[in-house]
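The primary structure of each chain is shown beneath.
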Amino acid sequence: MLQEIHEKVEAIVKYYYSEKGKFTIMPLKIRWRGREHIITKLGYPHKYKDGRITMFIFEVSNKSTWFRLKHNTETLTWELEAVSDGNAT
Amino acid sequence: MHVDLNSCFATIEQQANPLLRGKPMGVVPFMSPSAVIIAPSIEAKALGIKTGFTLRDAKILCKGFVAKLADPRKYRDVHMKFRNIFKDYTPEVYPKSIDEAILDFSRTKLIYGNRSLSDIGMEIKQRMKEDIGEWIVCSIGISTNMMLAKLAAGLHKPDGLDIIDHTNILDVYKSIKLTDFPGIAERYQSRLNVYRIFSAMDFLKADKEMLQKNVFKSVVGGWWYTKLRGFESDPFEYERGSFGRQYAMKEATDDPKKLAAKLMKLCEGAGRKMRKAGYCAYGVHIACEYTDHTYWHKGHKFHTEMYSLMELFQKAMLMINYQPQWKPVRMLSVSFFDIIPCEKAQLTLFDIFDTKQRAIADVMDQVNDKYGEYTLIPSLMMNMQDEAVDRIPFGGASFIEDLYS
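Everything numeric in this text was worked out from a predicted model, so none of it was measured.

Peer 1: Got a minute to help me understand unusual backbone geometry in this structure?
Peer 2: Negative phi values dominate among residues other than glycine, just as trans dominates among peptide bonds. All names here are of chain B. With an omega dihedral of -5 degrees, the bond running from K157 to P158 counts as a cis peptide bond. Along the chain, the position of P158 falls in the loop between helix 7 (146–153) and strand 8 (161–163). Phi at S7 is positive, roughly 40 degrees, even though this residue is not glycine. Tracing the backbone through its elements, the reader meets S7 in the loop between strand 1 (2–5) and helix 1 (8–16).

Spelled out as structure tokens, the structure:
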């Protein structure tokens, strides 16, 4: 079930070049409502413009939970937009 | 070469969310039991769930069916990425819709050198996995014209790569039905049947004049005669003829005030696209689908061009008031046709008001470009941010240029 959250979270993020030389940004861990969630997989990162501000969307997951994170490149803040367990409602 | 992303939106969602992989799921435009599934996953298709099924029907067939709300921004991003991959192989890339494109290699032999097109096809499949995601699969068809390339791409879905050329074209025709040809659906099939064309081989053997004069009753018949023999006949590029938007109501309404507000939002969406592309329009077309499954539409061409939101909205309101009866509307669409580039529009001698309106429209667009959509809106559109949301249209190439603006 997917749940919209839209709350600010803290994030530990790794910026690196992959083995194939591709520059990659990977959130490794987020702290949401006092609890830490380790992220193991980067699903599909993409970006869009909200007016002049570029927003990065990181759809990431671990074994049991999927998170949609939004990174605001102006304020450099991270927002948890939604979570899901991947099951039907 | 025709490249088609398999179950495009659903595959992208499974790429983004690994917890959805291997599950029957589908993409819907809004969350409601009556919402239509616009893209079922490969796993859902295997259970018999097809595009066009309602969410209610899908849940009957498969209790664990997962519905995911469409995310047009993500699909556009994927479209741009796969288009960039194609551009590495040929400059002649023609997107046919959000999830398929034609790559013309007929004049670019120097770029790919002595490699075969099937090698390039395999490389494109690999690049899609590396650059977009490991779950992304596409079908590739290679042939001498667009129609046969699309037919080849559909022979082995998902993840196929097929070539139709002079060595196997007859075998392919012997193995397919008339409706397997892109562009031949039930209606054309019955027309062909009337003239004793029951199979692809009959279609191939049909006389050109008969196809032109009797079956298709236009030059299209001649095009089919040419295409079936492996030559190109269709134009690669389409000229844009209109800008429009459509909205499926969450709750059907016949309230003129509510309809006016929705119509204004649709006019704003279509108008923004039109102004961004540098066009103005002379014609407006309104269509309503009612809850009793009846349909009404009306179009009209005016003497003066429309550009600003108020001009577009006033003319659209004029049209909707022609409805013979105000019945609950479940689908409302507006399009502006007969478009011309703004610089070619007739200048007005006297109407200073229109000139001011247009200047205001430009400034409003600039503000919204800078600070985000719906930062500055007419009062009628207040609190409507979440309605008539962004949608990905299907089936046509005309909207594709919106992706690049």
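There's plenty left to go through after this.
Peer 1: What exactly am I supposed to notice about the pairing of strand 2 (residues 23–32) of chain A here?
Peer 2: Here is the key point about a regular strand: its side chains alternate between the two faces of the sheet. All names here are of chain A. Note: strand 1 (residues 2–17) against strand 2, 8 bridges, orientation antiparallel. Looking across to strand 2, one finds that I12 is bridged to K29. Two strands pair when backbone bridges link them, and strand 2 and strand 3 (residues 35–38) are joined in this way by 4 bridges, in the antiparallel orientation. When the bridges of strand 3 are listed, W32 appears paired with R35. In textbook terms, the turn of a hairpin is the stretch between consecutive antiparallel strands, and for strand 2 and strand 3 this stretch comprises 2 residues, one of which, R33, has a positive phi near 50 degrees.

Peer 1: What exactly am I supposed to notice about a nonpolar patch on the surface here?
Peer 2: All names here are of chain A. Together, Y15, Y17 and F23 give the surface a local cluster of nonpolar side chains, amounting to about 400 Å² of exposed area. Along the chain, Y17 turns up in strand 1. Classification of Y17 as exposed rests on a relative accessible area of 60%.

Peer 1: What is the right way to read the environment of S379(B) from this model?
Peer 2: By secondary structure assignment, the location of S379(B) is in the loop between helix 15 (352–371) and helix 16 (400–404). When the C-alpha positions of S379(B) and A261(B) are compared, they lie 9.6 Å apart, and in sequence the two are 118 residues distant.

Peer 1: Hey, could you run me through the side chain of S308(B) in this one?
Peer 2: Residue and element names in this part refer to chain B. Following the sequence through the fold, S308 ends up in the loop between strand 11 (295–306) and helix 14 (309–320). Judged by its relative accessible area of 1%, S308 falls in the buried class. In contact with S308, not counting residues within four places along its chain, are R275, Q357, R358 and A361.

Conventions adopted
- Residues numbered from 1 in each chain as written.
- Chains lettered and ligands numbered in written order.
- Predicted model: local features only at pLDDT ≥ 70, side-chain atom pairs only at ≥ 80, totals over all residues.
- Heavy atoms only, no water.
- Helix = DSSP H or I, 4+ residues; strand = E, 2+ residues; numbered from the N terminus.
- Pairing = 2+ DSSP bridges.
- Patch = residues over 30% accessible without salt bridge, like charges linked within 9 Å, V, L, I, M, F, W, Y side chains within 5 Å.
- Areas by Shrake-Rupley, 256 points an atom, 1.4 Å probe, with all protein chains shown as cover.
- Salt bridge = Lys/Arg side-chain N within 4 Å of Asp/Glu carboxyl O.
- Buried < 20%, exposed > 50% of the residue type's maximum accessible area, 1.4 Å probe, protein only.
- Contact = heavy atoms within 4.5 Å.

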